[in-house]
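# Coordinate analysis (summary)
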Amino acid sequence: MAESGGLTEELQCSICLDVFTDPVSTPCGHNFCKTCLKKCWDNSQTFSCPYCKETFSQRPDLKINTTLREVQRNTEEEKAACVEFFTDLIRSIERYQTELLEMMEEQQKAAEKQEKELIEELELEITELKKRNTELEQLSHTEDHLHLLQYMTLSPHISMKTRVSLETLRRALTQLQHTLDEKLTKTELKRMQQYAVDVTLDPDTAHPELILSEDRKQVKYGGVSQDVPDNPERFDSCVCVLGKEGFSLGRFYFEVQVKESTEWDLGVARESINRKGEISLSPSDGYWTVVLRNEDKYAAYDDPTVSLYVRVIPQRVGVFVDYEEGLVSFYDVESSSHIYSFTGQSFTDKLYPFLGPALNIEGENSAPLIITPVSYNK
């Protein structure tokens with residue numbers, strides 16, 4: 001804006017304080033409107049610059065500064081173009097607003113009409129029910145059972161239209177709820193992806209039969225025990241591996257490709273877990289995991305274990321942790337759907353990404369688990 005203001009001042013006549021009209025230059029180098037300067041000198045016995053007061057021995061022969069005039073003209077044209085653009089923009093917005101309001105009014109009228117019809121139908125059916133109730137009350141005191149049976153058989157049934165209308169409404173509300181949940185989850189996932197961290201796997205923790213890629217972003221079951229040191233950090237029974245970096249505050253997020261894997265364990269584990277012998281993947285033992293078994297059986301190893309239903313088979317799973325909040329959440333990245341959340345947890349030491357590719361039996365489950373770069377959802 002400062003540049004715009006400065007340019008405007010340079011294009012203003014210091015006499016009329018308006019944009020130049022037929023600008024002329026004095027011998028001292030200052031510019032004025034031709035008419036303004038002529039009036040100034042016509043009313044004076046001397047010829048001096050109205051700006052710097054330099055006096056000239058004779059009245060200068062004034063010639064129009066064509067360059068400056070072309071700049072005055074271009075500026076005005078740009079101004080006019082801007083005004084026209086924003087005028088058109090405002091008109092478009094107003095037109096769209098009008099069309100939107102008309103559409104909303106039409107929808108409201110249609111909804112009100114449908115609601116009125118539904119209320120009228122309900123009132124008729126309520127009246128019919130009250131009438132039948134009165135008749136049944138009277139018939140209940142008669143001993144003519146044949147008459148009672150004939151009445152029950154021939155009496156009009158309640159219209160199914162109301163039931164159908166309510167069922168249609170119920171389906172619409174269910175679909176709306178599903179759409180809202182999907183949009184909310186997508187927004188939530190996008191926010192969590194902002195806390196993405198670069199995860200690499202720690203070979204010192206990997207079970208001897210696991211094979212890590214050179215960049216330590218992939219892990220798969222090899223089936224053969226490798227000659228590796230039996231250090232305290234290494235799992236010797238559970239076929240799993242931890243991430244290299246641990247986190248003890250704030251929030252972090254990472255994604256793992258589980259595509260074509262028929263069994264896997266995924267989540268986070270605390271630093272102080274037991275890594276030797278058989279272990280239990282539960283929060284009480286320091287593990288917060290979601291697992292896949294037998295190709296289509298998903299579960300969260302909570303206390304107790306929770307069976308999970310997924311609408312589509314996850315290809316890539318996102319794991320989000322809020323350390324202070326005590327939250328570990330799992331998402332299907334491709335469908336932007338929530339899988340499971342451990343809530344109300346209490347973390348006391350570092351948490352590490354936890355990956356378990358499970359066993360590879362006769363070629364089954366040979367696909368690796370892959371830590372993938374996070375691409376933000378649009």
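Structure's up top.
In this report, the structure presented in the accompanying data block is examined.

Cut-off values and rules
Residues numbered from 1 in each chain as written. Predicted model: local features only at pLDDT ≥ 70, side-chain atom pairs only at ≥ 80, totals over all residues. Heavy atoms only, no water. Helix = DSSP H or I, 4+ residues; strand = E, 2+ residues; numbered from the N terminus. Buried < 20%, exposed > 50% of the residue type's maximum accessible area, 1.4 Å probe, protein only. Areas by Shrake-Rupley, 256 points an atom, 1.4 Å probe, with all protein chains shown as cover. Pairing = 2+ DSSP bridges. Salt bridge = Lys/Arg side-chain N within 4 Å of Asp/Glu carboxyl O. Axes fitted to C-alpha atoms, helices over the stretch in contact; angles between N-to-C directions. Patch = residues over 30% accessible without salt bridge, like charges linked within 9 Å, V, L, I, M, F, W, Y side chains within 5 Å. Phe/Tyr/Trp six-rings, centres within 6.5 Å; stacked < 30°, edge-to-face > 60°. Core = buried A, V, L, I, M, F, W, Y, C linked by side-chain atoms within 4.5 Å. Contact = heavy atoms within 4.5 Å. Polar contact = N/O pair within 3.5 Å; in protein donor to acceptor, adjacent residues only side chain to side chain. Arc of directions from axis to C-beta.

## Some words on the overall build of the chain
- Counting its secondary structure elements, the chain contains five helices and 17 strands.
- For the chain, with 378 residues in total, the buried portion stands at 33%.
- Accessible area for the chain stands at about 24200 Å²; split by element, carbon and sulfur atoms hold 52% of it.

## Observations concerning the sheet that holds strand E12 (residues 306-308)
- With antiparallel pairing, six strands are arranged side by side in an open sheet as E7-E16-E9-E10-E11-E12. Since the sheet does not close on itself, it has two edges, and those belong to strand E7 (241-242) and E12, each with one partner.

## Points about the pattern of salt bridges
- Tallied over the entire structure, the rule returns eleven salt bridges.
- Here Asp 322 makes a salt bridge to Arg 251, at a shortest N to O gap of 2.9 Å. With Asp 322 in strand E13 (residues 316-322) and Arg 251 in strand E8 (residues 251-257), the pair connects residues that are 71 residues apart, well separated along the chain.
- The class for Arg 251 is partly exposed, based on a relative accessible area of 37%.
- With a closest N to O distance of 2.7 Å, Arg 293 and Asp 265 form a salt bridge.

## A short note on the sheet that holds strand E5 (residues 210-212)
- The seven strands lie next to each other as E5-E6-E17-E8-E13-E14-E15, forming an open sheet whose pairing is antiparallel. Looking along the sheet, the strands with just one partner apiece sit at the ends: E5 and strand E15 (337-342). Pairwise comparison of adjacent strand axes, ignoring direction, gives a mean angle of 20° for this sheet.
- As judged from the three bridges shared by E5 and strand E6 (residues 218-221), these two strands associate in the antiparallel manner. In the strand pairing of E6, Leu 212 is matched with Val 219.

## Digging into a nonpolar patch on the surface
- A cluster of nonpolar residues, Tyr 96, Leu 100, Leu 101, Met 103 and Met 104, forms a patch on the protein surface that exposes about 490 Å² of accessible area.
- Relative to the elements of secondary structure, Leu 100 occurs in helix H3 (residues 66-139).

## Structural notes on the packing of aromatic side chains
- Considering all chains together, one arrives at eleven aromatic pairs under this definition.
- Measuring from ring centre to ring centre gives 6.0 Å for Trp 41 and Phe 47, while their planes differ by 75°; the resulting arrangement is edge-to-face. As far as burial versus exposure is concerned, Trp 41 and Phe 47 are alike and both buried.
- Considering the side-chain rings of Phe 235 and Phe 354, the 6.3 Å spacing of their centres and the 80° angle between planes classify their relative orientation as edge-to-face. Of this pair, Phe 235 sits in the loop between E6 and E7 while Phe 354 sits in strand E16 (residues 351-356), and the two are 119 residues apart along the sequence. Residues Phe 235 and Phe 354 agree in their burial class; the two are buried.
- Following the ring pairs from residue to residue traces out a cluster consisting of Trp 41, Phe 47 and Phe 56.

## What to know about the nonpolar core
- Within the largest apolar cluster, 37 residues are counted, with the highest numbers of intra-cluster contacts made by Trp 264, Val 328 and Leu 355.
- Dropping the residues within four chain positions of it, Leu 355 is found in contact with Leu 201, Val 219, Cys 240, Val 241, Val 256, Asp 265, Leu 266, Leu 369 and Ile 371.
- By size, the runner-up hydrophobic cluster in this structure holds 14 residues, among which are Cys 13, Val 24, Phe 56 and Leu 68.

## As for the pairing of strand E14 (residues 327-332)
- Along E14, six of the six residues are buried, which leaves the element largely enclosed by surrounding structure.
- Going residue by residue along E14, you find Leu 327, Ser 329 and Tyr 331 tucked away on one face and Val 328, Phe 330 and Asp 332 tucked away on the opposite face as well.
- Bridge analysis of E13 against E14 gives six bridges, and the strand direction is antiparallel. Looking across to E14, one finds that Asp 322 is bridged to Leu 327.
- Here E13 folds back onto E14, and the loop between the two strands holds four residues, one of which, Gly 326, carries a positive phi near 70°.

## So, unusual backbone geometry
- With an omega of 5°, the peptide bond between Asp 303 and Pro 304 qualifies as cis.
- For Pro 304, the location among the structural elements is in the loop between strand E11 (297-300) and E12.
- We note that Arg 216 has phi near 60°; this positive angle belongs to a residue other than glycine.
- Looking at where Arg 216 falls in the secondary structure, it is placed in the loop between E5 and E6.

## What to know about the side chain of Thr 205
- Residue placement: Thr 205 occurs in the loop between helix H5 (160-192) and E5.
- Using a relative accessible area of 2% as the deciding quantity, one classes Thr 205 as buried.
- Polar side-chain contacts of Thr 205 include one of 3.0 Å to the backbone nitrogen of Leu 242.

## Quick word on the environment of Ala 300
- Looking at where Ala 300 falls in the secondary structure, it is placed in strand E11.
- Its relative accessible area of 0% is what places Ala 300 among the buried residues.
- C-alpha separation for the pair Ala 300 and Thr 289, spaced eleven residues apart in sequence, amounts to 6.1 Å.
- What Ala 300 contacts, discounting residues up to four positions off in sequence, is Thr 289, Val 290, Thr 305, Val 306, Leu 308, Tyr 340 and Phe 342.

## Thoughts on helix H2 (residues 34-42)
- By the burial criterion, the buried members of H2 are Cys 36, Leu 37 and Trp 41. With its buried residues spanning 125° around the axis, H2 presents them on a single face.
- Packing partners of the buried residues in H2 comprise strand E1 (23-25), strand E2 (31-33), strand E3 (47-48) and strand E4 (55-56).

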